[in-house]
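Fold and contact review
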Amino acid sequence: MKSQYRVVVIGGGVVGASVLYHLAKFGWSDVVMLERRRLASGSSWHAAGGIHALNADPNMASLQAYTIDLLSEIEKESGQNIGLHMTGGLTLAGTPERWEWLQANYRIFQSIGIDDCELLTPEEAQKRCPIMSTDGVLGAMWADREGYIDTTGTVQAYATAAKKRGAEYYEETKVESLTQTAEGWQVVTDKGTISCEHVVNAAGLWAKQVGRMAGVELPVSPLKHHYLITDTVPEVAAADFEMPMTVDLEGFTYMRQDQKGVLVGIYEVDHEHWAMDGAPWNYGEELFQEQLDRIENELTLGFERYPSIQNVGIKTWVNGAFTFSPDGNPLVGPVPGKRGYWSACAVMAGFLQGGGVGKTLAEWMIHGEPEADAWPMDVARYGDFAQNKRYIRETTGQFYSRRFVMTYPNEQLPAGRPLKMAPAHDAMTEAGCKWGVSWDLEVPLYFAPKGFEETPTLKRSNAHDIVAEECKVIREGAGLLDITGFSRFEVCGPNAEAWLDKVMASKLPAPGRAKLAPMLGANGRLKGDLTVLNWGDGTWWIMGSYYLRAWHMRWFDDHMIEGVSVRDLGEEYCGFAVVGPKSQAVVEKLAEQDISALKFMGCGEFDIGLVRARVARMSVTGEKGYEINCRYGDHITLRRMLLEAGAAEGIRECGFNAMLSTRLEKSFGIWSAEFTQLYTPGMTGMDRWIDWSKDFVGKDAALAERDGNGPAQVQVTLEVDALDADASGYEPIWAGEERVGFVTSGGYGHYTGKSLAMALVNRDMAEPGTELSVHVVGVERPARVIAPSPYDPQGKAMRG
Ligand SMILES: Cc1cc2nc3c(=O)[nH]c(=O)nc-3n(C[C@H](O)[C@H](O)[C@H](O)COP(=O)(O)OP(=O)(O)OC[C@H]3O[C@@H](n4cnc5c(N)ncnc54)[C@H](O)[C@@H]3O)c2cc1C
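So, here is what we can say about the structure in this document. Since this is a predicted model, take the numbers as computed values, not measurements. (Residues numbered from 1 in each chain as written. Predicted model: local features only at pLDDT ≥ 70, side-chain atom pairs only at ≥ 80, totals over all residues. Heavy atoms only, no water.)

A separate point is the pattern of salt bridges. A complete count under the given rule lists 56 salt bridges for this structure. Residues glutamate 272 and arginine 294 are paired through a salt bridge, measuring 3.3 Å at the closest nitrogen-oxygen approach. Here glutamate 272, found in the loop between strand E15 (261–266) and helix H8 (292–305), pairs with arginine 294, found in helix H8; they are 22 residues apart in sequence, far enough to count as distant. For arginine 567, the salt bridge identified is with glutamate 572, shortest N-O distance 2.5 Å. Its relative accessible area of 34% is what places arginine 567 among the partly exposed residues. The network of salt bridges with shared partners includes Lys208, Arg212, Glu217, Asp277 and Lys389. (Salt bridge = Lys/Arg side-chain N within 4 Å of Asp/Glu carboxyl O. Helix = DSSP H or I, 4+ residues; strand = E, 2+ residues; numbered from the N terminus. Buried < 20%, exposed > 50% of the residue type's maximum accessible area, 1.4 Å probe, protein only.)

Right, here's the structure in full:
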């Protein structure tokens, strides 16, 4: 072992080994992996080794698809047998809603290029898995590339392939402490000290402690998990093919063949955390005693699904632990505030996702950006609030127990909530507010009559008419919207303007003005759909999506220069927006200064009643609107005064659901839908805000797009002949049999009375009037491209 490397990867489980392999593969061979015991001696050795394509998140599904393809490659490259059994796999649907969901997901898979799936009747499924009972099964999805592997062999294969490419790894070498230095990190091990530029925390069950060695508190916890392996099952032994990997979602089990028997794994509803502060250092290749009382119900369902296992013995019980983040996705990437400290933790399904995690992290370290949109697994998708132990316990527990439970898009889950509430929260609840959550914050969805409960559904819900009324208020009267759920950053200092001019691709606003500002990465892809406000006193604000606060802050820090300070105002400022044609009449009554002087996209400091507020005349609803930003302590007063002042104008509180419907009618894109790190200004229409005359981050790449052949796909608005459901995102779009694009977001335009979708389609399909079709909840519906902004295309309402 040398005393200096470029990278030290801590942990020789499947994730660390994959990171090591990908670093070496992409050209960094001065890298070492340190393992305190032997390779795979954390959770990796006792995994069930199942590989399963389905994931409700399309980005994660792509990552899994990459890993599955990689497995045979590393086997070949390393010469190490990984025991790959590509049996194909079944996912069973046991309720009508689940069957609908599976059909919808089948189409979404097509959208992201996973084409080896097919839908089956229960009888067809049973032919492929003859030991399965079809009782209660309404349908199934088959995927070719599913099966299982030998876990220890796979870790060894990654490590051996990495070694062949020049990387090193050492077993029986424990990292004991980490110290940040000017050049990087000093890694103290029980075998000596190493200096390096980068450290990677791939410590699996010990990730928490290896985080704490660097002062990092990761939102991760281990939970226990059971599977059993049966003795020989005669029907399995007699079959001339292998049973497929079968996931019974309503039964909470997965099953695969294991020699002549089967392995049945259980996602226990009655979950149990273990070692929330990280596994003990003396924990080795040990298992816990099985806890049958916790899994009785799931076990019964499993035995009913596979009746033949009722007659054979159980050869092995495994009750082991593996790690989860609050949303179940990995925590990957550069840890904010710790230069050179990288996370590759909380990988719940390391054999299924580890390849994709290794690739993403290695690209990030070497090129500064991963190729894929890493947001769903980015460690910066959480803020400091997620360090709280109870938050971690509740959210990871909820994820685990619901691993096989269907979550509807309009369903609100309780874990870790309510956490942060705007000061007027209780008064708004009293007024009927139904809440959703964004990051740590409760955000208003809509205001309903007392006693109203929304029914979870994949289709339009019973809140449809309530939201329609709120949209009407916004379009015809005055709506009051709590805008605590926007992010606000303050930029000041002598070089503030120069810095903003460099990181934003747009022109900067003049004093007293606001401007939409795309922010790009060096690769020319989007990093933000922001609004910059110039308050005219040397202070600037950047406003954007609330849940991106830590992610954007990391970006700002990474691009910081002398003489600039950027401060996240998320704990200091909140506010309300008054929107609609009567908004001016409402705000005028309270403003001590002449609010009519504030023109569209103007901003300034005003006295709104008793509140000293920073007001901007803009609205994402496409109406005339005033965003009134106030200090936290003033929020309750601001609401009360606006409601009183607006009474004569019929002001009504509205929520984000109405805001989303109205923005769709204006074809205004939003982050994570129309705008992501994968898309470019040309694809999304963001190029119209770019100031090509100046220098800015990402300019070379943006110019190459502008002056090249142009993007293959562009953003359009679609009107869908929907029935009782609207598109939501990632549904495929067809021209006849040809797939020509996919939905980025969709919903019902209540005021226009149209089911709308925004979509990325091939350029030759983008002309208004082009007839297409789209799968909505699995059902093909006619759709056509329409001109952008079906409501008020000239933008008279918002400028008026
Ligand atoms: C019962 C069970 C069944 C499962 N089934 C599946 C499945 O079917 N498919 C699937 O994909 N996943 C499955 N998993 C999950 C899978 O096991 C994990 O996702 C995977 O093992 C995580 O790998 P890792 O490398 O992140 O962590 P680990 O395997 O825990 O590896 C971390 C390594 O870091 C080392 N380490 C820690 N601290 C230090 C230090 N300070 N210095 C040096 N070394 C250190 C540890 O010794 C350990 O070897 C299952 C898990 C369980 C418990």
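Once you've had a look at it, read on.
A word on the packing of helix H1 (residues 14–25) against helix H5 (residues 151–164). Contact geometry for H1 and H5: axes closest at 8 Å, N-to-C directions at 25 degrees. When the axis of H1 is compared with that of H5, the two are roughly parallel. The two elements H1 and H5 meet at a crossing, and its hand is left-handed. Contacts from Val14, Ala17, Ser18, Leu20, Tyr21 and Ala24 of H1 reach H5 at Val155, Tyr158, Ala159, Ala161 and Ala162. Taken together, the residues that form the contact of H1 with H5 break down as 10 nonpolar, 1 polar and no charged. (Axes fitted to C-alpha atoms, helices over the stretch in contact; angles between N-to-C directions. Parallel < 35°, antiparallel > 145°, perpendicular 65-115°, else oblique. Left-handed = near helix turned anticlockwise from the far one by under 90°. Contact = heavy atoms within 4.5 Å. Nonpolar A, V, L, I, M, F, W, Y, C, P; charged D, E, K, R; others polar.)

Near the ligand lie 41 residues; those nearest to it are Glu35, Ser44, Gly50, Val347 and Gly350. Take glycine 50: an N or O atom from its main chain is 2.7 Å from an oxygen atom of the ligand. Here leucine 205 contributes a backbone N or O atom positioned 3.4 Å from an oxygen atom of the ligand. Protein chains shield 98% of the accessible area of the ligand, which is 1000 Å² for the free molecule. For the shell around the ligand, the secondary structure elements donating two or more residues are H1, strand E12 (221–230), strand E16 (314–324) and helix H9 (350–367). The element contributing the most residues to the shell around the ligand is E16, with 4 residues. Class assignment for the residues of the shell around the ligand results in 23 nonpolar, 15 polar and 3 charged. (Near = heavy atom within 4 Å. Polar contact = N/O pair within 3.5 Å; in protein donor to acceptor, adjacent residues only side chain to side chain. Areas by Shrake-Rupley, 256 points an atom, 1.4 Å probe, with all protein chains shown as cover.)

Turning our attention to the nonpolar core. Core analysis: the largest hydrophobic core is formed by 104 residues, its most contacted members being Val9, Leu23, Val200, Tyr254 and Ile733. Apart from residues no more than four positions distant in its own chain, valine 200 is found in contact with Val7, Val8, Val9, Ile10, Val19, Trp342, Ala344, Leu361 and Met365. Counting residues in each nonpolar core, the second largest holds 74 residues, with Phe288, Ala514, Met543 and Ala550 among its members. (Core = buried A, V, L, I, M, F, W, Y, C linked by side-chain atoms within 4.5 Å.)

The next point concerns helix H15 (residues 583–590). Burial in H15 covers these residues: Ser583, Gln584, Val586, Val587 and Leu590. End-on, the buried residues of H15 take up no more than an arc of 160 degrees, which puts them together on one face. On its buried face, H15 is in contact with strand E27 (573–579), strand E28 (603–608), strand E30 (625–631) and helix H16 (635–646). (Arc of directions from axis to C-beta.)

The next point concerns the sheet that holds strand E21 (residues 479–482). If you trace the 6 strands from one edge of the open sheet to the other, you get E28-E29-E30-E27-E21-E31, paired in mixed fashion. A strand with exactly one partner marks an edge of an open sheet, and here the two such strands are E28 and strand E31 (652–654). Pairs of neighbouring strands in the sheet enclose a mean axial angle of 30 degrees, with direction left out of account. Where E21 lies against E27, 4 bridges are found, and the strand directions are antiparallel. Within E27, the position partnered with leucine 481 by the bridge is alanine 577. Each of E21, E27 and E31 is contacted by helix H12 (residues 464–476), which is oriented at about 115 degrees to E31, the strand it contacts most. (Pairing = 2+ DSSP bridges.)

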